[in-house]
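Survey of secondary and tertiary structure
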Amino acid sequence: MRPFPFRRRAAPDVNADSTDAELIAAVAAGATAALRLLHQRHAPWLRARLARRCADPDAVDDALQETFLGVWRSAARFRGDNAAGWLWTIAIRRLISALRGSGGRWIGTGIEPDDTSPVASAEDVVLLNVEHGDLGSALTRLSPELRAVIEATVLDGLTTREASGLLGIAEGTVKTRAMRARARLREELS
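Below, the structure is looked at part by part. (Residues numbered from 1 in each chain as written. Predicted model: local features only at pLDDT ≥ 70, side-chain atom pairs only at ≥ 80, totals over all residues. Heavy atoms only, no water.)

1. Describing the side chain of Thr67
- Tracing the backbone through its elements, the reader meets Thr67 in helix H3 (residues 57-74).
- The contact partners of Thr67, leaving out residues within four places of it in the chain, are Leu87, Ile90, Ala91 and Arg94. (Helix = DSSP H or I, 4+ residues; strand = E, 2+ residues; numbered from the N terminus. Contact = heavy atoms within 4.5 Å.)

2. Digging into the packing of helix H1 (residues 20-28) against helix H2 (residues 32-53)
- Two elements in contact, H1 and H2, have axes whose closest approach is 8 Å; the angle formed by their N-to-C orientations is 140°. Classified by the interaxial angle, the pair formed by H1 and H2 is oblique. Considering the relative orientation of H1 and H2, their crossing is left-handed. Within the contact between the two elements, H1 uses Asp20, Leu23, Ile24, Ala26 and Val27 and H2 uses Ala34, Leu35, Leu37, Leu38, Arg41 and His42.
- Class assignment for the residues of the contact of H1 with H2 results in eight nonpolar, one polar and two charged. (Axes fitted to C-alpha atoms, helices over the stretch in contact; angles between N-to-C directions. Parallel < 35°, antiparallel > 145°, perpendicular 65-115°, else oblique. Left-handed = near helix turned anticlockwise from the far one by under 90°. Nonpolar A, V, L, I, M, F, W, Y, C, P; charged D, E, K, R; others polar.)

3. Observations regarding the packing of aromatic side chains
- If you walk through the whole model with that rule in mind, you get one aromatic pair.
- Ring geometry for Phe78 and Trp86: centres 4.9 Å apart, planes at 50°, overall tilted.
- Using a relative accessible area of 10% as the deciding quantity, one classes Phe78 as buried.
- Across from the ring centre of Trp88, 4.0 Å away, lies the NZ or CZ of Arg49, which sits over that ring. (Phe/Tyr/Trp six-rings, centres within 6.5 Å; stacked < 30°, edge-to-face > 60°. Buried < 20%, exposed > 50% of the residue type's maximum accessible area, 1.4 Å probe, protein only. Lys NZ or Arg CZ within 6 Å of the ring centre and 35° of its normal.)

Set out below in C-alpha coordinates:
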(Lines give C-alpha, C1' and ligand atoms only; values in the text may rest on other atoms or scores of the structure.)
Protein backbone atom coordinates (compact mmCIF):
# COMPACT_ATOMS: atom_id res chain seq x y z
CA MET A 1 0.00 0.00 0.00
CA ARG A 2 1.21 3.48 -0.83
CA PRO A 3 1.82 5.84 2.08
CA PHE A 4 -0.39 8.55 0.56
CA PRO A 5 -3.88 7.81 -0.73
CA PHE A 6 -3.77 10.44 -3.46
CA ARG A 7 -1.93 10.48 -6.76
CA ARG A 8 -0.13 13.38 -8.26
CA ARG A 9 0.13 13.78 -11.97
CA ALA A 10 3.41 12.79 -13.49
CA ALA A 11 5.65 15.83 -13.45
CA PRO A 12 6.42 17.06 -16.96
CA ASP A 13 10.03 17.49 -17.95
CA VAL A 14 11.16 21.06 -17.48
CA ASN A 15 14.33 22.98 -18.19
CA ALA A 16 15.57 26.57 -18.21
CA ASP A 17 13.67 27.18 -21.47
CA SER A 18 10.32 26.15 -19.98
CA THR A 19 7.69 28.86 -19.60
CA ASP A 20 6.56 30.00 -16.17
CA ALA A 21 3.21 28.29 -16.72
CA GLU A 22 4.98 25.01 -17.54
CA LEU A 23 7.13 25.34 -14.42
CA ILE A 24 4.11 26.03 -12.22
CA ALA A 25 2.29 23.02 -13.70
CA ALA A 26 5.34 20.89 -12.93
CA VAL A 27 5.46 22.27 -9.38
CA ALA A 28 1.80 21.32 -9.01
CA ALA A 29 2.78 17.80 -10.02
CA GLY A 30 5.47 17.73 -7.35
CA ALA A 31 8.62 18.55 -9.36
CA THR A 32 11.13 20.16 -7.04
CA ALA A 33 13.39 20.90 -10.03
CA ALA A 34 10.64 23.11 -11.47
CA LEU A 35 10.35 24.99 -8.17
CA ARG A 36 14.11 25.47 -8.18
CA LEU A 37 14.00 26.90 -11.73
CA LEU A 38 11.07 29.15 -10.83
CA HIS A 39 12.99 30.37 -7.79
CA GLN A 40 16.15 31.03 -9.82
CA ARG A 41 14.14 32.97 -12.39
CA HIS A 42 11.99 35.08 -10.06
CA ALA A 43 13.65 35.34 -6.63
CA PRO A 44 16.16 38.05 -7.58
CA TRP A 45 13.59 40.56 -8.83
CA LEU A 46 11.14 39.68 -6.06
CA ARG A 47 13.87 40.29 -3.47
CA ALA A 48 14.76 43.63 -5.09
CA ARG A 49 11.13 44.82 -5.15
CA LEU A 50 10.47 43.64 -1.60
CA ALA A 51 13.66 45.34 -0.41
CA ARG A 52 12.39 48.62 -1.87
CA ARG A 53 9.34 48.24 0.35
CA CYS A 54 11.06 47.04 3.53
CA ALA A 55 14.26 48.12 5.28
CA ASP A 56 14.57 44.83 7.20
CA PRO A 57 16.50 42.24 5.12
CA ASP A 58 15.39 39.41 7.43
CA ALA A 59 11.71 40.27 6.82
CA VAL A 60 12.39 40.33 3.08
CA ASP A 61 14.12 36.93 3.21
CA ASP A 62 11.29 35.46 5.30
CA ALA A 63 8.66 36.81 2.90
CA LEU A 64 10.56 35.42 -0.08
CA GLN A 65 10.86 31.99 1.53
CA GLU A 66 7.17 32.02 2.45
CA THR A 67 6.33 33.05 -1.12
CA PHE A 68 7.91 29.97 -2.64
CA LEU A 69 6.48 27.76 0.08
CA GLY A 70 3.08 29.19 -0.90
CA VAL A 71 3.83 28.44 -4.56
CA TRP A 72 4.69 24.83 -3.65
CA ARG A 73 1.43 24.45 -1.74
CA SER A 74 -0.89 26.19 -4.20
CA ALA A 75 0.60 25.77 -7.66
CA ALA A 76 -2.33 23.55 -8.69
CA ARG A 77 -4.67 26.54 -8.26
CA PHE A 78 -2.77 28.79 -10.68
CA ARG A 79 -5.04 29.42 -13.66
CA GLY A 80 -3.57 32.50 -15.26
CA ASP A 81 -0.93 33.49 -17.72
CA ASN A 82 0.75 36.12 -15.53
CA ALA A 83 2.99 34.08 -13.25
CA ALA A 84 5.09 37.10 -12.30
CA GLY A 85 2.00 38.99 -11.13
CA TRP A 86 0.80 35.96 -9.20
CA LEU A 87 4.19 35.62 -7.50
CA TRP A 88 4.32 39.34 -6.67
CA THR A 89 0.85 39.18 -5.14
CA ILE A 90 1.90 36.30 -2.91
CA ALA A 91 5.21 37.99 -1.99
CA ILE A 92 3.84 41.40 -1.04
CA ARG A 93 1.02 39.88 0.98
CA ARG A 94 3.48 37.63 2.80
CA LEU A 95 5.66 40.65 3.58
CA ILE A 96 2.73 42.69 4.86
CA SER A 97 1.45 39.76 6.93
CA ALA A 98 4.89 39.27 8.45
CA LEU A 99 5.17 42.95 9.32
CA ARG A 100 1.71 43.03 10.84
CA GLY A 101 2.42 39.90 12.86
CA SER A 102 -0.59 38.23 14.43
CA GLY A 103 -2.68 41.29 13.55
CA GLY A 104 -2.43 40.39 9.86
CA ARG A 105 -5.76 38.67 9.71
CA TRP A 106 -8.52 40.26 7.68
CA ILE A 107 -11.01 42.07 9.89
CA GLY A 108 -14.21 40.18 10.49
CA THR A 109 -13.22 36.85 8.97
CA GLY A 110 -10.65 35.46 11.39
CA ILE A 111 -8.76 33.86 8.50
CA GLU A 112 -5.69 34.79 6.53
CA PRO A 113 -6.27 36.32 3.08
CA ASP A 114 -6.10 33.93 0.13
CA ASP A 115 -2.97 35.33 -1.49
CA THR A 116 -2.76 32.63 -4.12
CA SER A 117 -5.95 33.45 -5.95
CA PRO A 118 -5.28 33.69 -9.69
CA VAL A 119 -8.37 35.81 -10.33
CA ALA A 120 -7.56 39.49 -10.79
CA SER A 121 -9.46 41.58 -8.29
CA ALA A 122 -10.73 45.07 -9.00
CA GLU A 123 -7.87 46.33 -6.81
CA ASP A 124 -5.32 44.47 -8.95
CA VAL A 125 -6.77 46.02 -12.12
CA VAL A 126 -6.61 49.50 -10.60
CA LEU A 127 -3.04 48.96 -9.41
CA LEU A 128 -2.02 47.72 -12.85
CA ASN A 129 -3.48 50.88 -14.40
CA VAL A 130 -1.75 53.00 -11.76
CA GLU A 131 1.60 51.39 -12.53
CA HIS A 132 1.30 51.83 -16.30
CA GLY A 133 -0.80 55.00 -16.60
CA ASP A 134 -0.23 58.72 -16.00
CA LEU A 135 0.00 58.22 -12.27
CA GLY A 136 2.66 55.55 -12.74
CA SER A 137 4.75 57.95 -14.81
CA ALA A 138 4.33 60.66 -12.17
CA LEU A 139 5.33 58.19 -9.44
CA THR A 140 8.56 57.30 -11.25
CA ARG A 141 9.51 60.99 -11.31
CA LEU A 142 9.27 61.24 -7.51
CA SER A 143 12.44 60.87 -5.45
CA PRO A 144 12.97 57.31 -4.18
CA GLU A 145 12.19 58.40 -0.59
CA LEU A 146 8.85 59.96 -1.51
CA ARG A 147 7.92 57.12 -3.87
CA ALA A 148 8.64 54.50 -1.17
CA VAL A 149 6.26 56.23 1.25
CA ILE A 150 3.48 56.47 -1.36
CA GLU A 151 3.96 52.85 -2.36
CA ALA A 152 3.79 51.71 1.25
CA THR A 153 0.88 53.86 2.43
CA VAL A 154 -1.27 54.12 -0.67
CA LEU A 155 -0.49 51.20 -2.95
CA ASP A 156 0.19 48.63 -0.22
CA GLY A 157 -2.39 50.10 2.16
CA LEU A 158 -0.15 50.23 5.22
CA THR A 159 -0.84 52.50 8.17
CA THR A 160 1.65 55.23 9.05
CA ARG A 161 3.01 53.07 11.87
CA GLU A 162 3.37 50.02 9.60
CA ALA A 163 5.04 52.11 6.87
CA SER A 164 7.40 53.52 9.49
CA GLY A 165 8.48 50.03 10.52
CA LEU A 166 8.66 48.83 6.93
CA LEU A 167 10.84 51.71 5.75
CA GLY A 168 12.86 52.10 8.93
CA ILE A 169 11.97 55.79 9.42
CA ALA A 170 10.03 57.75 12.05
CA GLU A 171 6.23 58.04 11.79
CA GLY A 172 6.49 61.82 11.52
CA THR A 173 8.87 61.41 8.60
CA VAL A 174 6.36 59.12 6.88
CA LYS A 175 3.63 61.74 7.31
CA THR A 176 5.83 64.57 6.03
CA ARG A 177 7.04 62.60 3.02
CA ALA A 178 3.50 61.50 2.20
CA MET A 179 2.32 65.11 2.29
CA ARG A 180 5.21 66.23 0.04
CA ALA A 181 4.64 63.32 -2.35
CA ARG A 182 0.91 64.08 -2.70
CA ALA A 183 1.70 67.75 -3.41
CA ARG A 184 4.23 66.78 -6.10
CA LEU A 185 1.81 64.30 -7.65
CA ARG A 186 -0.91 66.96 -7.79
CA GLU A 187 1.52 69.25 -9.62
CA GLU A 188 2.55 66.50 -12.05
CA LEU A 189 -1.01 65.43 -12.82
CA SER A 190 -2.60 68.88 -13.21
